[in-house]
Structures are given as structure tokens and as C-alpha cells.
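# Inside the fold
Below are the chains, spelled out letter by letter.
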Amino acid sequence: MRNVVVVGGGVMGSAAAWSLAPYAQVSVLEQFEPGHGRGSSHGSSRIFRLAYPDPFYVELAARALPLWRELEQESGQEILDLTGAVDHGPRERVEPIEAALRAAGRPGEILAPAAAAERWPGLRFDEHVLFHPDAGRVHADRATAAFRQVAAKSGADFRHGVRVASVTPAGHDRVEVVTDGGEVLVADAVVLAVGGWAPDLVARTVPGLPRLRVTQEQPVHFPAADPLSWPSFLHYRGATGSEPGAYGLGSVDGVKVGFHGVGPQIDADRSDRAVDPAALAKVVAYAERWVPGVDTSGAVASTCLYTLTPDHDFVLDRHGAVTVLAGFSGHGFKFAPLIGRLAADLVAGQRLPPRFALGVR
Ligand SMILES: Cc1cc2nc3c(=O)[nH]c(=O)nc-3n(C[C@H](O)[C@H](O)[C@H](O)COP(=O)(O)OP(=O)(O)OC[C@H]3O[C@@H](n4cnc5c(N)ncnc54)[C@H](O)[C@@H]3O)c2cc1C
């Protein structure tokens, strides 16, 4: 049986362990405790949706959907909750999304803003509204824990509080991993799933990593009546994307609202993850105008990292015996079980679409 070391125990490393554990001896090395709040995967919720303007991602999300159901069956937990999604904004931003759904044979419904406001009184709507039912929330913390639980049942060993200092490929099928504590592990293959730490460790290990920008984002939870009944929502602002898009969804912590990709660039090892009151005030002002169903006096902000590639496409590739899962650009969670499967394919020697390759951007 092959021996695979996964570095990083966020959702992507845990999903990779889930896919690999039935076929390999898997060790996952994670520098912090399970469910820690310094990376990208913590918190109670993430948006799941099939809808993208790009048919490539519609297809990937459609492939991820049954794999979430598989994880639910294997873990005995509810992880994906499809309450639908409403996208709204300028016609030229919403129509390509509706067209991509239609081309994939997936349902979508255009509504007048007044009709949408009647159906979802907690929200206010911009000029063009699209409802699509194959969307909703992933219970995020629960999902990562479920990947861990099922992978561990297949024999994966999760070691927390272990930071990897270096990964040195030694030929096509042998890699040496050295931890901060000086332990040396020799593996047949390594999977690097280190989120916002990729610009350091991955760049030191393999060639061709695109320029990655790590930003600290700040979503806000608001109290609301029956938050789990809410659809997820995306609000495109400005015809060209000149204004940051807003998103939100209901979760067990209330209704989460945030702006997509507006946070400052940081170094994952140096930022103290402090909440920025000015950024919080902007989300509260947005919610006062566009999300009348929340109680803005009860706003609670948190921080989370995006790792952005120049074109927001992921990096999923293999160099020698090192597989890289990186650059999820603020939209990767919904695909996590599929990313796990693709990681196992890469470890087994299969190739993936060139769009995700190292050295192409
Ligand atoms: C505010 C916010 C909202 C989002 N909303 C959505 C959404 O609605 N829908 C969606 O699909 N996606 C969303 N995303 C994106 C999604 O959450 C991420 O793409 C995903 O969580 C990335 O997971 P990861 O495993 O790559 O990174 P991480 O969760 O950061 O995991 C990487 C792990 O590697 C560990 N690590 C790093 N270096 C080392 C080392 N040297 N040794 C040992 N361990 C190491 C870190 O401690 C960390 O735990 C959102 C992200 C944010 C920040």
C-alpha cells in the first residue's frame, strides 16, 4: 500500500484524505487544532451553487453535488441543505448565469424584483433576479469534520499541532517531509493543501505556481428569524464588476453577509486576524439597505483568508510525487469532495484539465 502525506487539514486536505484513505496509508499533518479559525475553512456555512457564468464550473459543481450526498451517507450527518439561491443585479451580469444553467439543463427562473421581494421579504432586489433551486448551504465545519471522521475510519492518521517546514522531492515517487520539530517522514507521494500558506511552502517545493494573493476577508453574521429557511444570495453591483459583489446565506449562526474579495493582502503567518471596524460598518450599511430581514444591531464579524490566483481558477496539478491543491480564490468549498477525488486521481498518475495546471498562468 502506498504511503501518502497530506499537508494541511482544512477542507481540501481533509477531502483528499477522504478519497485517498481507502487505497493508501494516509497521514495528514496540520499545524493547528481541528476546526481552527486562522485559515479558510472554518465557520458554520458556505454557499453551494451550480450557477456560474462559466459552464466549466457549472459542470464541476454538478459533479460535486452527488459526492456531498455520499459524504452525508458515510458520515450519517446532514451537510448540504438546498434552499435555493437568488442572484440579482444588472441584466448583463445575471443573464450569462441563467444561460449557463439552461445550457446544462438545470432549472432557473427569472423574476421581477417586486415578485422576488414578496417571495423573500428578508431581501431587497436589484433590477434583474434569477432564482435557481440547486443551491443553498454547506454546513462547513460539519463537512470538514465529516471528511476527517470518514477518512479516519478508513485508517487515515490526522496529526494536529505538526507544522511542516520543508517538502523535498527525491525522484518521481519519493518525497521527504521535514517538520518544524525535526521529524523526517519519507512518503511515496505528498499532497500540499495549505491554503493561505501556499505562497511560501508550495512555491518553495514545485515550479510554476501562479502569483497568489492572500487576503483577509471579513464576513458578518446577523440575527434573523428562521435563518436556515433563507436562500443563499449573490448581488452583482455594477455592470463591469467595478463595485464589489455581496453575498449571503442563512446558517446556524444567523444570516451571513459579506463582500467578495475586498480584504487587505496579508501574510498568513503574520496577520493577527483582528476585525476591522470600518469594514464591519460597510457590511452593516449594506445590510441596512439590502437585507431588511436581519437585525443589524446584533452584527458579529469574523475573519477568513482568500488565496487568489490571477484568474480565480484553481491550481490542481502534480509535479513529480507532489500534488498541489491551491488557489481556491474564495469559491472552492462547494467543490471540496470533487477536489478530494481529483487529488486521488493525480496521486494515481492521472492528468487533469490544463486549465488547472502549474506553469500555465
Ligand atoms: C469569507 C469566506 C467566504 C467563503 N465563502 C465561500 C462560499 O460561500 N462557497 C465556496 O464554495 N467557497 C467559499 N469560500 C472559499 C472556501 O472556504 C475555501 O476555498 C476553502 O476553505 C479552502 O480550503 P483549504 O483547505 O485550501 O484552506 P485552509 O482551510 O486554510 O486549510 C489549509 C490548512 O493548511 C494548514 N497548513 C498550512 N501550512 C502548513 C504547514 N506548513 N504544516 C502543516 N499545516 C499547514 C493550515 O493551518 C490550514 O489548516 C469562502 C472563503 C472565505 C474566506
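Right, let's walk through the structure included here. (Residues numbered from 1 in each chain as written. Predicted model: local features only at pLDDT ≥ 70, side-chain atom pairs only at ≥ 80, totals over all residues. Heavy atoms only, no water.)

### Here's the deal with the overall build of the chain
Our working rule: Comment: elements are numbered from the N terminus, with helices defined as DSSP H or I runs of at least four residues and strands as E runs of at least two. Note on method: radius of gyration uses C-alpha positions; expected globular size equals 2.2 Å times residues raised to 0.38. Categorising residues by exposure relies on relative accessible area from a 1.4 Å probe, with only protein chains included: less than 20% of the type maximum marks a residue as buried, more than 50% marks it as exposed, and the intermediate range marks it as partly exposed. Whether two residues touch is decided by their heavy atoms; if any such pair falls within 4.5 Å, the residues are in contact. Method for areas: the Shrake-Rupley scheme with a 1.4 Å probe, in which residue coverage is limited to the protein chains shown. A residue counts as positive if it is Lys or Arg and as negative if it is Asp or Glu; His and the chain ends are not included. Note on charges: their place is set at NZ of Lys, CZ of Arg, CG of Asp or CD of Glu.
On a plain count of helices and strands, the chain comes out with eight helices and 22 strands. Against the 2.2 N^0.38 benchmark of 21 Å for 361 residues, the chain shows a C-alpha radius of gyration of 20 Å, consistent with a compact globule. With respect to the three principal axes, the spread of C-alpha positions in the chain is 60 × 45 × 40 Å. In the chain, buried positions account for 55% of the 361 residues. Look at the contacts in the chain between residues 6 or more apart in sequence, and 73% of them connect residues 24 or more apart. Carbon and sulfur atoms provide 51% of the accessible area of the chain, an area that totals close to 14,400 Å². Positive and negative charge centroids in the chain, built from 34 and 40 side chains respectively, lie 2 Å apart.

### A few points about the packing of aromatic side chains
To keep it simple, the criterion reads: Between 30 and 60 degrees the pair is tilted, below 30 it is stacked and above 60 it is edge-to-face, where a pair is any two Phe, Tyr or Trp rings, Trp via its six-membered ring, whose centres lie within 6.5 Å.
One pass over the structure, following the stated rule, counts 18 aromatic pairs. Measuring from ring centre to ring centre gives 5.2 Å for Tyr52 and Tyr57, while their planes differ by 25°; the resulting arrangement is stacked. Tyr52 gets classed as buried once you look at its relative accessible area, which sits at 12%. Aromatic pair Trp230 and Phe233: ring centres 6.3 Å apart, planes at 45°, arrangement tilted. Neither residue differs from the other here; Trp230 and Phe233 are each classed as buried. Taken together, the ring pairs in this structure connect Tyr52, Phe56, Tyr57, Phe314, Phe328, Phe335 and Phe356 into an aromatic cluster.

### Here we look at helix H1 (residues 11-20)
Buried residues dominate H1, accounting for 10 of its 10 residues. Of the positions making up H1, those classed as buried are Val11, Met12, Gly13, Ser14, Ala15, Ala16, Ala17, Trp18, Ser19 and Leu20.

### So, the pairing of strand E17 (residues 246-251)
The following threshold applies: A pair of strands is labelled paired if DSSP reports no fewer than 2 bridges between them.
Burial runs high along E17: six of the six residues are buried. Pairing of strand E16 (residues 232-235) with E17 involves three bridges; the strand directions are antiparallel. Bridge pairing in E17 links Leu234 to Tyr247. Pairing of E17 with strand E18 (residues 254-259) involves six bridges; the strand directions are antiparallel. Residue pairing for E18: Gly248 is matched across the bridge by Val257.

### Considerations on the environment of Glu183
Counting through the fold element by element, Glu183 comes out in the loop between strand E11 (175-179) and strand E12 (184-187). Each C-alpha atom, one on Glu183 and one on Val252, is 40 Å from the other, the two residues being 69 residues apart in sequence. For Glu183, the contacting residues outside a window of four places in its chain are Arg159, Val177 and Val178.

### Concerning the environment of Gly8
The topology assignment puts Gly8 in the loop between strand E1 (2-7) and H1. For Gly8, a relative accessible area of 8% corresponds to the buried category. Considering only alpha carbons, one finds Gly8 and Gly195, 187 residues apart in sequence, at a separation of 7.7 Å. Leaving out residues up to four positions away in the same chain, Gly8 has contacts with Gly13, Ser14, Val28, Leu29, Glu30 and Ala193.

### As for the nonpolar core
Soluble globular proteins tend to pack their nonpolar side chains together in the buried interior. Which entries qualify depends on this criterion: Residues belong to one nonpolar core when they are buried, are Ala, Val, Leu, Ile, Met, Phe, Trp, Tyr or Cys, and are joined through side-chain atoms within 4.5 Å.
Counting 69 residues, the largest nonpolar core has Leu20, Val26, Trp68, Leu316 and Leu325 as its most contacted members. Excluding anything up to four places from it in sequence, Leu20 contacts Val4, Val6, Val26, Val191, Ala344 and Val347. Grouped together as the second largest cluster of nonpolar side chains are 30 residues, Val167, Val194, Val315 and Ala321 included.

### Points about the sheet that holds strand E3 (residues 45-49)
The strand order E3-E8-E4 describes an open sheet built from three strands, whose pairing is antiparallel. Each having just a single partner strand, E3 and strand E4 (80-81) make up the two edges of the open sheet. Pairing between E3 and strand E8 (residues 135-139): five bridges, direction antiparallel. Opposite Arg46, over in E8, you have Val138 as the bridge partner.

### Structural notes on the site of the ligand
As a reminder, the rule being used: Near, as used in this document, describes a residue that has one of its heavy atoms within 4 Å of the molecule or strand being considered. Here a polar contact means two N or O atoms within 3.5 Å. Within protein one must be a hydrogen donor candidate and the other an acceptor candidate, and residues neighboring in sequence count only if both atoms are side-chain atoms. As a working rule, the residues Ala, Val, Leu, Ile, Met, Phe, Trp, Tyr, Cys and Pro are called nonpolar, Asp, Glu, Lys and Arg charged, and the rest polar, with Gly in that last group.
Taken together, 35 residues are adjacent to the ligand, and Glu30, His36, Ser41, Ile47 and Cys304 come closest. Take Gln31: an N or O atom from its side chain is 2.9 Å from an oxygen atom of the ligand. Side-chain polar atom of Ser41 to an oxygen atom of the ligand: 2.5 Å apart, as the coordinates give it. Contact with the protein chains hides 97% of the accessible area of the ligand, taken as 1,000 Å² for the molecule alone. Taken together, the elements giving at least two residues each to the shell around the ligand come down to H1, strand E2 (24-30), E3 and strand E20 (304-308). The element best represented in the shell around the ligand is E20, accounting for three residues. Broken down by class, the residue content of the shell around the ligand amounts to 19 nonpolar, 12 polar and four charged.

### Observations concerning the sheet that holds E1
Inclusion rule: The axes used here are C-alpha line fits, helices contributing only the stretch in contact, and every angle between their N-to-C directions lies in the interval 0 to 180 degrees.
Overall, mixed pairing links the six strands, which are arranged E9-E2-E1-E13-E22-E21 in an open sheet. Both outer strands of the open sheet, strand E9 (157-160) and strand E21 (315-319), are each paired with one neighbouring strand and no more. Put simply, the sheet's adjacent strands are angled 15° from each other on average, direction ignored. Where E21 and strand E22 (residues 322-326) come together, five bridges link them in antiparallel fashion. Its bridge partner lying in E22, Val315 is registered against Ala326. Of the strands in this sheet, E1, E2, E9, strand E13 (189-192) and E22 touch H1, which is tilted by about 165° from E2.

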